[in-house]
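The chain contents come next:
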Amino acid sequence: MSSSSARGDQWTFLTNHARVLLWLARDPEVRLRDVAAGIGITERAVQIIVADLEAAGYLTRTRVGRRNRYTIDPTVALRHPSEADHPVGDLLGALLHREETPDGPPEAEAATR
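Residues numbered from 1 in each chain as written. Predicted model: local features only at pLDDT ≥ 70, side-chain atom pairs only at ≥ 80, totals over all residues. Heavy atoms only, no water.

A short note on the overall build of the protein chain
Counting its secondary structure elements, the protein chain contains 6 helices and 2 strands. Out of the 113 residues in the protein chain, the part that is buried amounts to 21%. Once local pairs closer than 6 in sequence are excluded, the contacts in the protein chain between residues at least 24 apart make up 35%. With an accessible surface of roughly 8100 Å², the protein chain has 54% of that area assigned to carbon and sulfur atoms. (Helix = DSSP H or I, 4+ residues; strand = E, 2+ residues; numbered from the N terminus. Buried < 20%, exposed > 50% of the residue type's maximum accessible area, 1.4 Å probe, protein only. Contact = heavy atoms within 4.5 Å. Areas by Shrake-Rupley, 256 points an atom, 1.4 Å probe, with all protein chains shown as cover.)

Below, the structure is given as structure tokens:
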């Protein structure tokens, strides 16, 4: 097996920062331990990512009783210079809209089986 094919199984299109943001967008009151379990990273890693996202202005954390509620600001621009003309809300809208669609095109449904 070549090193490029071994490496090819390891990369993904979304970063853990994007995955955490998507989880919080789906459920603003989710526990970070549940986010960690769903993504497959440690709870501490999720805490660091949430702190990064909060410091960059992508989300705010509000204490509600014993839990936190996360509010995402969809107007904040993406960080990379080549995507800086797009707000994070565009990314979330595209990915969340796709997930919430109950019936996708038949060819897409067949491909997932």
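Topic: the layout of surface pockets
Estimated volume of the largest pocket: approximately 350 Å³. What lines the largest pocket is a set of 14 residues, and nearest its centre among them are Thr15, His17, Ala18, Leu78 and Leu91. Only helix H2 (16–26) and helix H5 (88–100) provide two or more residues apiece to the lining of the largest pocket. The biggest single contributor to the lining of the largest pocket is H2, with 3 residues. For the lining of the largest pocket, the per-class residue count stands at 9 nonpolar, 3 polar and 2 charged. In this structure, the second largest pocket spans a volume of roughly 170 Å³. Residue lining of the second largest pocket: Glu29, Val30, Arg31, Leu32, Arg33, Glu43, Arg63, Arg66, Arg67, Asn68 and Tyr70, and that is the complete set. Considering each element in turn, the lining of the second largest pocket owes the most residues, 3 residues, to strand S2 (residues 67–72). When its residues are assigned to classes, the lining of the second largest pocket shows 3 nonpolar, 1 polar and 7 charged. (1 Å grid on protein atoms, 1.4 Å probe; cavity = no way out; pocket = protein on both sides within 12 Å on 5 of 7 lines; lining within 4 Å. Points joined across faces, edges and corners; volume = space filled by probe spheres on them. Nonpolar A, V, L, I, M, F, W, Y, C, P; charged D, E, K, R; others polar.)

What to know about helix H4 (residues 43–55)
Each α-helix turn comprises 3.6 residues. Residues three or four places apart therefore point the same way. With 13 residues, H4 should reach 18 Å at 1.5 Å per residue; the first-to-last C-alpha distance of 18 Å fits that figure. For H4, the complete set of buried residues consists of Val46, Ile49, Val50 and Leu53. Summarising the axial view, the buried residues of H4 lie within an arc of 100°, below the 170-degree limit, and thus occupy one face. Structural note: H4 exposes Arg44 and Ala55 on the side pointing more than 90 degrees away from its buried face. (Expected span 1.5 Å × (residues − 1). Arc of directions from axis to C-beta.)

A word on the nonpolar core
Here is a general trend for soluble globular proteins: nonpolar side chains tend to be buried in one another's company. Judged by nonpolar contacts, the single largest core of 21 residues is most densely connected at Val20, Leu24, Val50 and Leu59. Among the elements of the structure, H2, helix H3 (32–39), H4, S2 and H5 are those that each provide at least two residues to this core. Filtering out sequence-adjacent residues up to four positions away, Val20 remains in contact with Val35, Ile39, Val46, Ile49, Val50 and Leu53. (Core = buried A, V, L, I, M, F, W, Y, C linked by side-chain atoms within 4.5 Å.)

Notes on the pattern of salt bridges
Under the criterion given, the structure shown has 3 salt bridges. Among the ionic pairs, Arg61 bridges to Glu54, the shortest N-O distance being 2.5 Å. Given the relative accessible area of 35%, Arg61 is considered partly exposed. (Salt bridge = Lys/Arg side-chain N within 4 Å of Asp/Glu carboxyl O.)

The quantities given are spatial measurements derived from coordinates; they are silent on function.
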